[in-house]
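Structural description and commentary
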Amino acid sequence: MTDIVYVLNGPNLNLLGVREPDIYGHDTLDDIAGALEDRARELGLTIDMRQSNHEGHLIDWLHEAQAHDARAVLLNAAAFTHTSVAIHDAIKAITTPVIEVHLSNPHTREAFRHVSFVGRAAKGSIAGFGALSYQLALEAAARF
C-alpha cells in the first residue's frame, strides 16, 4: 500500500465557492485541496486531488487508485451519488477503501438525495460538516 490518497470530486464541484454557498459553503475546491495537502503532509500522506463532470472519469480514477495501490479514495461523487450504479459497481470492484464525502448532509435535503449508491458500496460516509468533511475523511484514511 502506498501513502497516496485519491480525492475524487464529481459534477459541479468545480463551482464550489460560488454555487449555492448557503448549502456548500464559501471554500473553493482549491481551498479544500490546500488544507488537505497540509494535513496530509502532517500525516505522512500524499493527496491526488481531481475533479470531473464526467462519470466515466471517476470510474477510471477508481480503477487507477486500485492499480496504484492507493491507501484510500475520498469520493465526493456529488449528484452521481444518487444516480450511478456504475460508480457503485466500480467501488465494489476494487479493494481500495472508499470513503464517501459530502459537504452538506444529503439526508436533510430533497428526498431524492436520501439514496446513496456510493454509500452502499463505500467503507464509510462523512457528510454535513462542510469542508471539514474532507479533513475527517482524511483522518479516517490515515488509519487504514
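Above this text sits the structure in question.
Let me begin by describing the structure that accompanies this report. Every residue gets a number counted from 1 within its own chain, in the order that chain's sequence is written. In keeping with the predicted nature of the model, local features appear solely for residues at pLDDT of at least 70, side-chain atom pairs appear and are counted solely at 80 or more, and the whole-chain, interface and lining totals rest on all residues. Side-chain numbers here rest on the full set of heavy atoms in the structure, without hydrogens or water.

1. Re the packing of helix α2 (residues 29–43) against helix α6 (residues 132–141)
The cut-off we apply is this: The axes used here are C-alpha line fits, helices contributing only the stretch in contact, and every angle between their N-to-C directions lies in the interval 0 to 180 degrees. Each helix is a run of H or I in the DSSP string that is no shorter than four residues. Each strand is a run of E no shorter than two, and both are numbered from the N terminus. Angles below 35 degrees are treated as roughly parallel, those above 145 as roughly antiparallel, those between 65 and 115 as roughly perpendicular, and all remaining angles as oblique. Crossing handedness follows the turn of the near helix against the far one: under a right angle anticlockwise gives a left-handed crossing, and clockwise gives a right-handed one. Residues count as neighbours in contact if any of their non-hydrogen atoms are within 4.5 Å of one another. Note on residue categories: nonpolar means Ala, Val, Leu, Ile, Met, Phe, Trp, Tyr, Cys or Pro, charged means Asp, Glu, Lys or Arg, and polar means any other residue, Gly included.
Contact geometry of α2 with α6 gives a least axis separation of 10 Å together with a crossing angle of 25°. Classified by the interaxial angle, the pair formed by α2 and α6 is roughly parallel. The crossing of α2 and α6 is right-handed. Taking contact as the criterion, the partners of Leu 29, Ile 32, Ala 35, Leu 36, Arg 39, Ala 40 and Leu 43 in α2 are, on α6, Tyr 134, Gln 135, Leu 138 and Glu 139. The residue makeup of the contact of α2 with α6, split by class, is 8 nonpolar, 1 polar and 2 charged.

2. Quick word on the pattern of salt bridges
Two side chains bearing opposite charge may form a pair once their charged atoms approach each other closely. Note the cut-off: By definition here, a salt bridge exists when the distance from a side-chain nitrogen of Lys or Arg to a carboxyl oxygen of Asp or Glu is within 4 Å. Partly exposed describes any residue whose relative accessible area lies between the buried limit of under 20% and the exposed limit of over 50%, with all areas from a 1.4 Å probe on protein chains only and scaled to the type maximum.
Tallying each qualifying case throughout the model produces 7 salt bridges. With a shortest N-O distance of 2.7 Å, Glu 42 and Arg 39 are connected by a salt bridge. On the criterion of helical spacing, the pair formed by Glu 42 and Arg 39 is a turn pair, its members being 3 residues apart in helix α2. The closest approach of N and O atoms between Arg 50 and Asp 48, which form a salt bridge, is 2.9 Å. Exposure remark for Arg 50: the relative accessible area of 18% places this residue in the buried category. A relative accessible area of 22% means that Asp 48 is categorised as partly exposed. If you follow the salt bridges from partner to partner, you end up with Arg 39, Glu 42, Glu 139 and Arg 143 in one network.

3. Re the pairing of strand β1 (residues 4–9)
Going by this rule: Pairing between strands is defined by DSSP: at least two bridges between them are needed.
Within β1, 5 of the 6 residues are buried, which leaves the element mostly enclosed by the surrounding structure. Relative to strand β2 (residues 46–51), β1 is paired through 6 bridges, and the arrangement is parallel. Across the sheet, the residue bridging to Val 7 is Met 49, located in β2. Pairing between β1 and strand β3 (residues 72–76): 5 bridges, direction parallel. Among the inter-strand pairings, Tyr 6 is bridged to a residue of β3, identified as Val 73.

4. Some details on the environment of Thr 83
Take Thr 83: it is sitting in the loop between β3 and α4 (85–93). Thr 83 sits in the exposed class, given a relative accessible area of 56%.

So far we have only geometry, and geometry alone does not tell us how the molecule works.
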